[in-house]
Amino acid sequence: MATQPGEVDSAAAAKYAALRREIKECAQEPGATLDMLHAVQRQFGYLEPQAVGMVAEELGITKAQLYGVATFYTMFFFEPKPPVIARVCVNLSCHLRGAQEVLHTLEEAAAAQPEDFEVEEVMCLGLCEQAPALLVNEVAVGGVSPAEALQKVQAKVSAIAGSE
Amino acid sequence: MEQVCLRRIHNENSQDIASYQAHDGYAALRKALTELSPTDVHGEVEAANMGGRGGAGFPTAMKWRFLLGAQGEPKYVLCNFDESEPGTFSNRIIGEEDPHLLVEGCALAAYATGCSIIFIYIRGEYFLAYERVKEAVRQAYEHGFLGQNVLGSEFSVEVYVRRGAGAYICGEETAIMNSLEGKRGYPRARPPFPANEGLFGKPTLINNVETLSNLPAIVLNGGEWWNKLGVNGGAGLNIYCLSGHVERPGAYELPIGTTARDLIYDHGGGVWQGRELKAWKPGGASSAILPADMIDLVLDFKPVQEAGTILGTSGVIVMDDRTCVVDAAIRDATFFEEESCGFCFPCRDGTRVLRSLVERVRHGVAAPDTMDLIEHASQDMMGASFCGLGQFAPWPVVSTVRNFRQEYEAHIIEKVCPAGVCPMDGVEPDEHVDRRTLQEMLVAQKGGALA
Ligand SMILES: Cc1cc2nc3c(=O)[nH]c(=O)nc-3n(C[C@H](O)[C@H](O)[C@H](O)COP(=O)(O)O)c2cc1C
Ligand code: SF4
Ligand code: FES
């Protein structure tokens, strides 16, 4: 897995270049600030500061102003994250069908493999008919036992590890 | 049974334009552009007498009329696809399974109200719905249903699909505009109303996904036809989102005016595992908890309001006889504390006060006057909060106190949780509880200047 310094730089440069293109494309349409931030997060897994700077420049505002906006929204991360994020809904409909058990099972597992995935308690995901529900990265998972939820998360972890 | 919004969702490739067109898709838009003037379309919506499905039930035709007199170009249609009210998922199903229905509905609204740009704002967590709606918009452009001179007519319209990023408040009609403008999602003062000065300062029509998705059927079959689909004096169909302790949770598109009993028992298969009903909510987190004996309530905007709560998003949440209402209340209280945008004092502090009071009840360490404190804080919040979030946030808590008083007394005085759900461990939550009224807090904050 070890990469040479030169390789890292060119990989990073390619990432920034791709991102700049995407941001420019977003900027063609009005009202795309959040989409630009989503693009940054898709590329880096969080709002990487240099990339946030690129967005701010494109929008003609300061980084401070842009962070002021970004911090309002719960989906953005401000530090690097493990490759898999499990967002577990803890609101009423899911709670009534065992959300706490799902949450505890996942949290316990995450404590043992913090490099692999992280668990977040989130508010209603609009999957209430499938309660208890969670998002494993971008994929909705519902109607699962704690063990099944964990299995979905582990499968995602393996899939990502396998694709690298 | 007649269905409009959920009619096509089980078709194969229902999200694809070919499937949509095979089932009357874009026939309403074609009809409008070739046979009907914008006024005619407006007239059908008027005849339908539809109340908006975003939560308030505001008459759609009336909202459209505000836009007709508004000055400024361009005019926008803003489709509110932020759907974040706990217990609510009808918009998601439409967006995932029948996105063209929504696109056609948006185009019809734009045609009728003289708007040339449509924004569809989708909550950030709806990844699949976003992909499907975006692809539907692309296909619709390709087939000439969007863009310049739609189907060779004079009507031109552009559509932008935007994502939110996790903030319930961005479903509020002015906060969503700030969010789209690249700002923090704080609500704005009204007036000016969105119809006159909305998105980017221009006239803006804001409607919910389900509201817009009813339009194709209304235009195709007539407003009167749609209107007559309701029962018990109601107008049209409505999607009830059923969740919680029910055998068959799901989205049910039924005549508006269906009773809670019919919804929960006939359609939802009753309370799960053969248990008894204890409590239920008619309209998502923002609505009051009702006792089982109100099960014959007619689920339409007016009757639910007369019963002292709101139909809201018609997210009906069912709780069985093993549920503790204090345990239920803490979930909703936590939701509103998390989602308060913090812009105004009564909601920012009130949601925190309510949650911490209920937390103490759960742990068996609540002061004897806790129910009074909850009542006071709730009334202050309802009266003084800047937007709907803070005005409705106390309902799920104060309604548990009002409707299940004995259960609170058991927790507070006898120090037992009758359902055996709450921790009741006598442990003081590690946080300060403010026993002052919100008024007193405000006075203290301002150094007494407002006393
Ligand atoms: C805190 C808050 C959150 C809201 N969230 C939504 C939402 O997610 N979707 C929605 O359509 N309306 C939501 N509304 C209602 C909107 O402000 C607005 O009334 C609605 O979108 C209008 O559409 P309609 O006339 O078609 O119902 C919310 C209101 C408040 C106060
Ligand atoms: S009522 Fe709550 S959500 Fe609304 S403006 Fe005030 S703090 Fe923000
Ligand atoms: S309450 Fe969990 S997804 Fe809605």
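So, here's what we can say about the structure. Counting restarts for each chain: residues are numbered from 1 in the order of the written sequence. Here chains are named by letter from A upward and ligands by number from 1 upward, in the order in which they appear as written. Confidence filtering applies because this is a predicted model: local features only for residues at pLDDT of at least 70, side-chain atom pairs given and counted only at 80 or more, and all residues used for totals across whole chains, interfaces and linings. Side-chain metrics in this entry use all non-hydrogen atoms of the structure; hydrogen atoms and water are not considered.

The description of an aromatic ring pair rests on the distance of the ring centres and on the angle between the ring planes. Stacked, edge-to-face and tilted labels apply to pairs of Phe, Tyr and Trp rings (six-membered ring for Trp) whose centres lie within 6.5 Å, assigned for plane angles under 30 degrees, over 60, and everything in between, in that order. Under the definition given, this model contains 19 aromatic pairs over all chains. Judged by centre distance (5.6 Å) and plane angle (55 degrees), the rings of Tyr76 of chain B and Phe119 of chain B are tilted. Taken together, the residues Tyr76 of chain B in strand E1 (residues 76-81) and Phe119 of chain B in strand E2 (residues 117-122) connect sequence positions 43 residues apart. In this scheme, a residue with accessible area under 20% of its type's maximum is buried, one over 50% is exposed, and one in between is partly exposed, where area comes from a 1.4 Å probe on protein chains only. Take Tyr76 of chain B: its relative accessible area is 7%, and that puts it in the buried class. You can call Phe119 of chain B buried: its relative accessible area is 0%. Here Phe343 of chain B and Phe386 of chain B contribute two aromatic rings whose centre-to-centre distance is 5.0 Å and whose plane-to-plane angle is 55 degrees, an arrangement assigned as tilted. Of this pair, Phe343 of chain B sits in the loop between helix H14 (325-339) and helix H15 (345-363) while Phe386 of chain B sits in the loop between helix H16 (370-384) and helix H17 (388-392), and the two are 43 residues apart along the sequence. Classification of Phe386 of chain B as partly exposed rests on a relative accessible area of 34%. Each member of the aromatic cluster is reached from another via a ring pair, and the members are Phe72, Tyr73 and Phe76 of chain A together with Tyr186, Phe343 and Phe386 of chain B. Helix and strand labels come from DSSP, where a helix needs a run of H or I of at least four residues and a strand needs a run of E of at least two; each type is numbered from the N terminus.

Another aspect to go through is the interface of chain B and chain A. We call two residues in contact when some of their heavy atoms are within 4.5 Å. In this assembly, 55 residues from chain B lie in contact with 36 residues from chain A. Carbon and sulfur atoms supply 59% of the area that chain B and chain A bury against each other, a total of about 3,600 Å² over both sides. In this description, buried area is defined as the sum, over both parts, of the accessible area (probe of 1.4 Å) that is lost when the two are combined. Of all residues in chain B, Phe127, Ala165 and Arg331 of chain B bury the most surface against chain A, accounting for 18% of the area lost on that side. By definition here, a salt bridge exists when the distance from a side-chain nitrogen of Lys or Arg to a carboxyl oxygen of Asp or Glu is within 4 Å. The tally of links from chain B across to chain A stands at 3 salt bridges. Polar contact criterion, stated in full: a pair of N or O atoms within 3.5 Å, where within protein one must be able to donate a hydrogen and the other to accept it, and residues adjacent in sequence count only if both atoms are side-chain atoms. Inspection of the region where chain B meets chain A yields 20 residue pairs in polar contact (both at pLDDT 80 or more). Mapped by element, the contributors of at least two residues to the side of chain B that touches chain A are helix H5 (90-97), E2, helix H7 (127-142), strand E3 (158-163), helix H8 (175-180), strand E5 (237-244), strand E9 (315-320) and H14 of chain B. Sort the elements by how many residues they give to the side of chain B that touches chain A and H14 of chain B lands first, with 7 residues. Among the residues forming the side of chain B that touches chain A, the class breakdown is 27 nonpolar, 14 polar and 14 charged. Throughout, the ten residues Ala, Val, Leu, Ile, Met, Phe, Trp, Tyr, Cys and Pro are labelled nonpolar, Asp, Glu, Lys and Arg are labelled charged, and all others, Gly among them, are labelled polar.

In this section: the state of the cysteines. Should the sulfur atoms of two cysteines be covalently bonded, the bond is a disulfide. By disulfide we mean two sulfur atoms from cysteines, separated by a distance within 2.5 Å. Overall, the coordinates contain 0 disulfides over all chains when judged by the stated rule. With no disulfide of its own, Cys422 of chain B has Cys324 of chain B as its nearest cysteine by sulfur position, at a separation of 3.7 Å.

This brings us to the site of ligand 2. Here a residue is near a molecule or strand as soon as one of its heavy atoms is found within 4 Å of it. Residues in contact with ligand 2 amount to 13 residues; listed here are only the nearest, Cys341, Cys344, Cys347, Cys387 and Gly390 of chain B. Looking at the shell around ligand 2, its residues break down into 9 nonpolar, 4 polar and no charged.

So yeah, pure geometry; function would need other evidence.
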